[in-house]
Amino acid sequence: MHRDTPPPSPDMNEQIEDEDMIYIGDVEEVIDAYDAGDIEEEDAMEEDPSEGDAICVFTGHKRGSVFCGTLSKNGKLAATGGEEDKAYVWDTSTGEIILDCTGHKDSIIFSAFNYDESYLATGDMSGLIQVWKVADKIKIWDYNMGDATWMMWHIAANVLLAGSVDGEIYMWKIPDGDCKVLQGYGCRAETGAIFPDGKRIAIGYEDGVVRILDLKTNSVLSFISSTYGHSHTITTIDCHSDNNLILSAAVDGKTIISTSNTGKIVSILQNLNNNEKNNVINDQDAGNSEENKEINNWVETAVFCKDPTFQVAATGTVNGEIFIWDISKQVLRQKITQESGISKLVWKGNTTVLFSAGLDGILRCFDGKNGQCLRSFVAHTADILDLYISENGEKALTTSDDFTARIFDISSLS
């Protein structure tokens, strides 16, 4: 999990104190890191893939999909992880490997720099987390939490968070390793988003419930129940810059805006399965294959725009639709249809420029105000799995099922 973040809160040191942490014990020793060995020549790709519109193609992941990626603030370094149980830090101009993060035993689902880029954390599906000191290129901490669903750095402190299949939320102070565990509720913690104030986190669960947790006290401040909100697994969640509104979507096809302070639902922006199922039933010409396509539609990615003068949210579906919503009026402004499903939407900084990662391997850029496609980047030969934009707005990173990660120059798009 991974994004642009606001500047550190000035009182962050007061928000997470030593005495607030519950120490679990000495860090569990993990199996000694093994050397995966050189990749046999026949396992490697026969030739470097075409660059397309990319300014750099990273081919260090030789044996599987590249699941996740992040960029340094200036876009000069990338960190990516994938199916071959490895993560790399590499130069985005040359593709040169700076750090080879070995020791994982399962697919890497998380690789990200902390808020000041002094540390890199890598995590795999089995729950093994490793933290690397970037300047020294050494591992300084590791922990095995068991099967993990997501991981993220705190936006303004050296605190690492992770969700588990059992629903607990782990928090570690880095590099000490002091640990705090937020209570689980018997089902998977599917996704999470930290509020801009750095004090709270919104968690979406497998049963459709959204809970707002206080990071200091462990208490549940509010929640949106499955009775009135989502009835199925939460797929994505985002927090508004006002520190109150929450945007959530789920496999039930609903996209909901709610409030963190009270848990009140402000608006059900869309209910794809309801509306589209009715449309299919009323269409006498619709065949079974089309019906299945419509009924199984849901929002995979949803994000608030960070431009304070443009109060909208964007949602992207697995069927390839992008919806841009007016938050204040809770009405649809634009609907964009692209040729394939969407894995991730990212606004470029505080601008109205929206990037879409396509399951057809194409990176698209839209003007959020009028829905016009500003540019399409010929990117990958398979699904794009992750998308990240550098804080300075100059580079975009994509990762894919085609075993590559790619860098694009987006400095001219604003």
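What you see is a predicted model, and the numbers here were worked out from it, not measured in a lab.

Moving on, we get to the overall build of the protein chain. Each helix and strand counted, the protein chain has three helices and 32 strands in total. Taken across its 414 residues, the protein chain has 55% of its residues classed as buried. Within the protein chain, counting contacts between residues at least 6 apart in sequence, those at least 24 apart form 46% of the total. Of the accessible surface of the protein chain, which amounts to about 17,400 Å², a share of 44% is contributed by carbon and sulfur atoms.

Time to look at the UniProt feature "repeat: WD" (unreviewed entry) in the protein chain. Using the residue numbers shown here, the UniProt feature "repeat: WD" (unreviewed entry) corresponds to residues 101–134 and 377–414. The straight-line gap between the two end C-alpha atoms of residues 377–414 is 16 Å; of that span, 0% is helix and 50% is strand.

With that out of the way, let us pick up the environment of asparagine 370. Here asparagine 370 lies in the loop between strand 28 (362–367) and strand 29 (373–378). Residue class for asparagine 370 comes out partly exposed when judged on its relative accessible area of 40%. Separated by 18 residues in the primary sequence, asparagine 370 and threonine 352 place their C-alpha atoms 9.9 Å from one another.

Let's shift gears to the pattern of salt bridges. Counting across every chain of the model gives 10 salt bridges. The partner of aspartate 100 in a salt bridge is lysine 86, with the nearest N and O atoms 3.3 Å apart. Residue aspartate 100 is located in strand 5 (residues 97–101), and its partner lysine 86 is located in the loop between strand 3 (77–82) and strand 4 (87–91); the two are separated by 14 residues in the primary sequence. Residue class for lysine 86 comes out buried when judged on its relative accessible area of 13%. As a salt-bridge pair, aspartate 402 and arginine 406 come within 3.8 Å of each other at their nearest N and O atoms. Across the pair, arginine 406 and aspartate 402 agree in class, each one buried.

Attention shifts here to the side chain of glutamine 130. Checked against the element boundaries, glutamine 130 lands in strand 8 (residues 128–133). Here the side chain of glutamine 130 touches lysine 139 through a polar contact of 3.1 Å, side chain to side chain. The residues touching glutamine 130, leaving out its near neighbours within four places in the chain, are Thr102, Gly103, His104, Leu120, Ala121, Thr122, Lys139, Trp141 and Asp142.

Across the sheet, which stays open at both edges, the four strands sit in the order 6-7-8-9 with antiparallel pairing between neighbours. Looking at the sheet topology across the chains shown, the edges are occupied by strand 6 (108–113) and strand 9 (138–144). Averaged over neighbouring strand pairs, the angle between their axes works out to 15° when direction is ignored. Sheet topology places strand 8 next to strand 9; six bridges connect them, and they run antiparallel. Residue lysine 133 lies in a different strand from strand 9, and its bridge partner there is isoleucine 138.

The subject of this paragraph is a nonpolar patch on the surface. A surface patch of nonpolar side chains, amounting to about 250 Å² of accessible area, comprises Tyr185, Val220 and Phe223. Within the secondary structure, phenylalanine 223 sits in strand 17 (residues 220–224). Its relative accessible area of 47% is what places phenylalanine 223 among the partly exposed residues.

With that settled, the discussion passes to unusual backbone geometry. Cis geometry marks the peptide bond from isoleucine 174 to proline 175, where omega comes out at 10°. The residue proline 175 is located in the loop between strand 12 (169–173) and strand 13 (179–182) in this model. Positive phi is not limited to glycine here, since aspartate 85 has a value of about 70°. Position of aspartate 85 relative to the elements: it lies in the loop between strand 3 and strand 4. Of note, phenylalanine 403 is a non-glycine position whose phi angle comes to about 75°, a positive value.

Moving on: the pairing of strand 28. For strand 28, the buried fraction is high: five of the six residues fall into the buried class. Note: strand 27 (residues 353–358) against strand 28, five bridges, orientation antiparallel. Bridge pairing in strand 28 links phenylalanine 355 to cysteine 365. Connecting strand 27 to the antiparallel partner strand 28 that follows it, the hairpin turn spans three residues, and glycine 361 within it adopts a positive phi of roughly 85°.

Both faces of the sheet carry side chains from a regular strand, because those side chains alternate between them. The pairing of strand 20 (residues 254–259) with strand 21 (residues 265–271) spans five bridges and is classified as antiparallel. The partner of serine 258 across the bridge, within strand 21, is isoleucine 265.

Glancing now at the environment of threonine 352. Among the secondary structure elements, threonine 352 is positioned in the loop between strand 26 (342–347) and strand 27. Its relative accessible area of 13% is what places threonine 352 among the buried residues.

Calculation criteria
Residues numbered from 1 in each chain as written. Predicted model: local features only at pLDDT ≥ 70, side-chain atom pairs only at ≥ 80, totals over all residues. Heavy atoms only, no water. Helix = DSSP H or I, 4+ residues; strand = E, 2+ residues; numbered from the N terminus. Buried < 20%, exposed > 50% of the residue type's maximum accessible area, 1.4 Å probe, protein only. Contact = heavy atoms within 4.5 Å. Areas by Shrake-Rupley, 256 points an atom, 1.4 Å probe, with all protein chains shown as cover. UniProt positions renumbered as here; feature names shortened; annotations may be inferred. Salt bridge = Lys/Arg side-chain N within 4 Å of Asp/Glu carboxyl O. Polar contact = N/O pair within 3.5 Å; in protein donor to acceptor, adjacent residues only side chain to side chain. Pairing = 2+ DSSP bridges. Axes fitted to C-alpha atoms, helices over the stretch in contact; angles between N-to-C directions. Patch = residues over 30% accessible without salt bridge, like charges linked within 9 Å, V, L, I, M, F, W, Y side chains within 5 Å.

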